[in-house]
Amino acid sequence: GSCHMAPQAHALSMLFPALSRQLTEGLFRTCFQDENGDFQQIPLFSDQNKVDEPAGVVDSRMLALLRLHQEWKASGDRSWLESLYPLALRTLDYCIRMFDSEEKGMPVGRRRLTLGFAASAPEPYTAALYLAALAAMEELAGDIGRGDDAGRFKLLAGRAQRMMETLFQGEH
């Protein structure tokens, strides 16, 4: 439960800051990290290992990056951020590699969402989270002196912004 839904619990950081930071740290140190940056799943039944799509849910990853950004803004604890930044970078790199491998700024391909369905076509929910995660990581990278990373994320966020605009035609 905490690996899957905790990224969505943003009010927690305001109510219980210490607990929230521990949960955020656990997301990156435990849930999202294997050697490839893939989501760690603990199957309850052996047949759950037989999944024909990328493991983990893409929106949960991006929400976790936004949560890390929120925790950093609230605490200002640079050493905490520096300790988690490599894991956050691995998480975002995984999202880019799996869902935006051409770095066009739009998640594509089959992806599971915490909303209870899988998407394969471009859609605004995932696109907006991707844009927000890129912008958050740009700021985090800049704040700890990772200028090259910040520049890469800024460029990709610009592409994501332009792609987001193609999803809305002004008719709906």
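Residues numbered from 1 in each chain as written. Predicted model: local features only at pLDDT ≥ 70, side-chain atom pairs only at ≥ 80, totals over all residues. Heavy atoms only, no water.

### Structural notes on the nonpolar core
Then step 1. Grouped together as the largest cluster of nonpolar side chains are 43 residues, with contacts concentrated most on F28, L68, L92, L134, M137 and F153.
Then step 2. Contributions of two or more residues to this core are made by α3 (17–31), α4 (58–75), α5 (78–99), α6 (124–143) and α7 (147–167).
Then step 3. Looking at this core element by element, the count peaks at 12 residues for α5.
Then step 4. Setting aside its immediate chain neighbours within four residues, M137 contacts L65, Y85, A88, L89, L92 and F153. (Core = buried A, V, L, I, M, F, W, Y, C linked by side-chain atoms within 4.5 Å. Buried < 20%, exposed > 50% of the residue type's maximum accessible area, 1.4 Å probe, protein only. Helix = DSSP H or I, 4+ residues; strand = E, 2+ residues; numbered from the N terminus. Contact = heavy atoms within 4.5 Å.)

### Some thoughts on the packing of α4 against α6
To describe two helices that pack against each other, one gives the angle between their axes and the distance between the axes.
Then step 1. In the contact formed by α4 and α6, the axes pass within 9 Å of each other and the chain directions differ by 35 degrees. The two elements α4 and α6 meet at a crossing, and its hand is left-handed. Each of V58, D59, M62, L63, L65, L66, L68, H69, W72 and K73 in α4 lies in contact with α6, whose residues at this interface are Y125, T126, L129, Y130, A132, A133, A136, M137, E139, L140 and D143.
Then step 2. Split into classes, the residues belonging to the contact of α4 with α6 amount to 15 nonpolar, 2 polar and 4 charged. (Axes fitted to C-alpha atoms, helices over the stretch in contact; angles between N-to-C directions. Left-handed = near helix turned anticlockwise from the far one by under 90°. Nonpolar A, V, L, I, M, F, W, Y, C, P; charged D, E, K, R; others polar.)

### Topic: a nonpolar patch on the surface
Then step 1. On the surface, M14, L15, F16 and L19 cluster together into a nonpolar patch covering about 460 Å² of accessible area.
Then step 2. Look at L19 and you get partly exposed, because its relative accessible area is 46%. (Patch = residues over 30% accessible without salt bridge, like charges linked within 9 Å, V, L, I, M, F, W, Y side chains within 5 Å. Areas by Shrake-Rupley, 256 points an atom, 1.4 Å probe, with all protein chains shown as cover. Salt bridge = Lys/Arg side-chain N within 4 Å of Asp/Glu carboxyl O.)

### Details of the side chain of S20
Then step 1. Its place among the elements puts S20 in helix α3.
Then step 2. Classification of S20 as buried rests on a relative accessible area of 0%.
Then step 3. Setting aside chain neighbours within four positions, we find S20 in contact with L12, S13, R67 and E71.

### A few points about the pattern of salt bridges
Then step 1. All chains considered together, the criterion is met by 9 salt bridges.
Then step 2. Its salt-bridge partner being E82, residue R78 comes within 2.9 Å of it at the nearest N-O pair. One end of the pair, R78, and the other, E82, are both in helix α5, 4 residues apart, so they sit about a helical turn from each other.
Then step 3. A salt bridge links D93 to R152; the nearest nitrogen and oxygen atoms lie 2.9 Å apart. Of this pair, D93 sits in helix α5 while R152 sits in helix α7, and the two are 59 residues apart along the sequence.
Then step 4. A relative accessible area of 23% places D93 in the partly exposed class.
Then step 5. The partly exposed category is assigned to R152, whose relative accessible area is 29%.

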